Amino acid sequence: MVVGRKNGRGMTATIIDGKSIAAELRGKVAADVARLKRDHGLTPGLAVVLVGQNPASEVYVRSKAKALVEAGMAPFDHKLPESTGEAELLALIDRLNADKAVSGILVQLPLPPQIDAQKVIAAIDPMKDVDGFHPVNVGRLSLGLPSLVPCTPYGCVMLAKTVKPSLAGLDALVIGRSNIVGKPVAQLLLAENATVTVAHSKTRDLAALARRADLLIAAIGKAEFVRGDWIKPGAIVIDVGINRIDGEGGKSRIVGDVAFGEAARVAGAITPVPGGVGPMTIACLMLNTLRAACALNGVKAASL
Ligand code: GUN
């Protein structure tokens, strides 16, 4: 595994190079996909369903399709209008559940208000739930049973383990309790034998909690919310945030939930934004699609 690159800007932290770590993982997935095709005549396929025209979602969906093709898998894109009704979306899910060419189903969130996202997630075959959001997979993860695991949390843990292969006994602080990141990443860290605290908007004295954390996962959705003086010297900092802010010259720029410049002077290792967690989310989605294809067809991937 690529660990990261040492920065040359007067900072002490190793920059965890999510882009190259993700590229390495996607390369392994692509090699396994090629073997699946050769040995079993099987091509994993992922159906990505986008309802409406959320610009951020459109960007994500395009990058997922590109990564799929690069890995030798089949993309099935379903773009539905903003006005799509719940029954129509549920009927599509039924068809995708029954389609042998579809190994994974991802319904991009958020959905428009007329659609109950939980109802849609629950309609997906748990074996094809590459997001790991179905109650069966959420339950299996919390029971410590094998399951399809949400991609962003999985990527966060993989990145942390490139710095420290064993997270056992570490004090881990997860800031954010969303179903997509905070809760599942806490479960994954527990499974790695870390001591896990989950903080949220009602948490008292967050800065003091953060200063005790050997591993800090920031998934709040607030630009540069975590400051440098919250970071324990030498800590591993994984920044899940993707926030667009006004930059110089009227141009916007993307920053994380952590004030990167300040934190990098104190942390032992830190993910950049962009180029940290984001690429890992896509790579883990490829991995989940491969795993789903293998499980559905009763075959074993060679290296995973
Ligand atoms: N929207 C933001 N993150 C995600 C994700 O990981 N999966 C899906 N389906 N939608 C999202």
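Quick note: structure is the one above.
Residues numbered from 1 in each chain as written. Predicted model: local features only at pLDDT ≥ 70, side-chain atom pairs only at ≥ 80, totals over all residues. Heavy atoms only, no water.

### A word on the layout of surface pockets
And then number 1: When its volume is computed, the second largest pocket comes out at roughly 510 Å³.
And then number 2: Listing elements by their share of the lining of the second largest pocket, those giving two or more residues are helix H5 (135–143), helix H6 (151–163), helix H7 (182–191) and helix H10 (277–297). (1 Å grid on protein atoms, 1.4 Å probe; cavity = no way out; pocket = protein on both sides within 12 Å on 5 of 7 lines; lining within 4 Å. Points joined across faces, edges and corners; volume = space filled by probe spheres on them. Helix = DSSP H or I, 4+ residues; strand = E, 2+ residues; numbered from the N terminus.)

### What to know about helix H1 (residues 18–40)
And then number 1: Over its 23 residues, H1 extends 32 Å from the first C-alpha to the last, a length consistent with the 33 Å expected when each residue adds 1.5 Å.
And then number 2: Within H1, burial applies to Gly-18, Ile-21, Ala-22, Leu-25, Val-29, Asp-32, Val-33 and Leu-36.
And then number 3: Here the buried face of H1 lies against H6 and H10.
And then number 4: Remark: Gly-41 follows H1 within two positions and exhibits a positive phi of approximately 60°. (Expected span 1.5 Å × (residues − 1). Buried < 20%, exposed > 50% of the residue type's maximum accessible area, 1.4 Å probe, protein only. Contact = heavy atoms within 4.5 Å.)

### Quick look at the nonpolar core
And then number 1: Counting 58 residues, the largest nonpolar core has Leu-25, Val-29, Leu-189, Leu-215, Ile-217, Ile-238 and Met-286 as the members making the most contacts within it.
And then number 2: Sort the elements by how many residues they give to this core and H10 lands first, with 11 residues.
And then number 3: Contact partners of Ile-238, with chain neighbours within four places excluded, come to Ile-16, Cys-156, Leu-159, Ala-160, Leu-215, Leu-216, Ile-217, Ala-218, Thr-271 and Val-277.
And then number 4: Within the second largest apolar cluster, 21 residues are counted, among which are Ala-199, Ala-210, Ile-231 and Val-237. (Core = buried A, V, L, I, M, F, W, Y, C linked by side-chain atoms within 4.5 Å.)

### A closer look at the site of the ligand
And then number 1: In the vicinity of the ligand, the contacting residues are Leu-106, Val-107, Gln-108, Leu-109, Asp-131 and Phe-133.
And then number 2: Interatomic distance of 2.8 Å between a backbone N/O atom of Val-107 and a nitrogen atom of the ligand.
And then number 3: Leu-109 has a polar backbone atom sitting 3.0 Å from a nitrogen atom of the ligand.
And then number 4: Its residues assigned to classes, the shell around the ligand comprises four nonpolar, one polar and one charged. (Near = heavy atom within 4 Å. Polar contact = N/O pair within 3.5 Å; in protein donor to acceptor, adjacent residues only side chain to side chain. Nonpolar A, V, L, I, M, F, W, Y, C, P; charged D, E, K, R; others polar.)

### Observations concerning the pairing of strand E11 (residues 252–255)
For a regular strand, side chains alternate in direction, first toward one face of the sheet and then toward the other.
And then number 1: Where strand E10 (residues 243–246) meets E11, four bridges bridge the pair, whose relative direction is antiparallel. The residue bridging Asn-243 from the neighbouring strand is Val-255, located in E11.
And then number 2: Following E10, the chain reverses through five residues before pairing antiparallel with E11; Gly-249 in that reversal takes a positive phi of roughly 65°. (Pairing = 2+ DSSP bridges.)

### Considerations on unusual backbone geometry
And then number 1: Of the consecutive residues Leu-109 and Pro-110, the connecting peptide bond is found in the cis state with omega at 0°.
And then number 2: By secondary structure assignment, the location of Pro-110 is in the loop between strand E5 (104–107) and helix H4 (117–123).
And then number 3: That bond from Val-273 to Pro-274 is cis: its omega, -5°, falls within 30 degrees of zero.
And then number 4: Even without glycine at this site, Asn-193 takes up a positive phi of about 70°.
And then number 5: Structurally, the position occupied by Asn-193 is in the loop between H7 and strand E7 (195–199).
And then number 6: When its relative accessible area of 54% is taken as the criterion, Asn-193 is described as exposed.

### Quick notes on the state of the cysteines
And then number 1: This structure, assessed with the given rule, holds zero disulfides.
And then number 2: Note on Cys-294: no disulfide assigned, nearest cysteine sulfur contributed by Cys-151 at a separation of 16 Å.
And then number 3: On the basis of relative accessibility, which here comes to 5%, the residue Cys-294 falls in the buried class. (Disulfide = S-S within 2.5 Å.)

### A closer look at the packing of aromatic side chains
And then number 1: For the coordinates displayed, the defined rule picks out one aromatic pair.
And then number 2: With a centroid separation of 5.7 Å and 75° between ring planes, the pair formed by Phe-225 and Trp-230 is classed as edge-to-face.
And then number 3: For Phe-225, a relative accessible area of 30% puts it in the partly exposed group. (Phe/Tyr/Trp six-rings, centres within 6.5 Å; stacked < 30°, edge-to-face > 60°.)

### As for the environment of Pro-113
And then number 1: One can find Pro-113 in the loop between E5 and H4.
And then number 2: Exposure remark for Pro-113: the relative accessible area of 82% places this residue in the exposed category.

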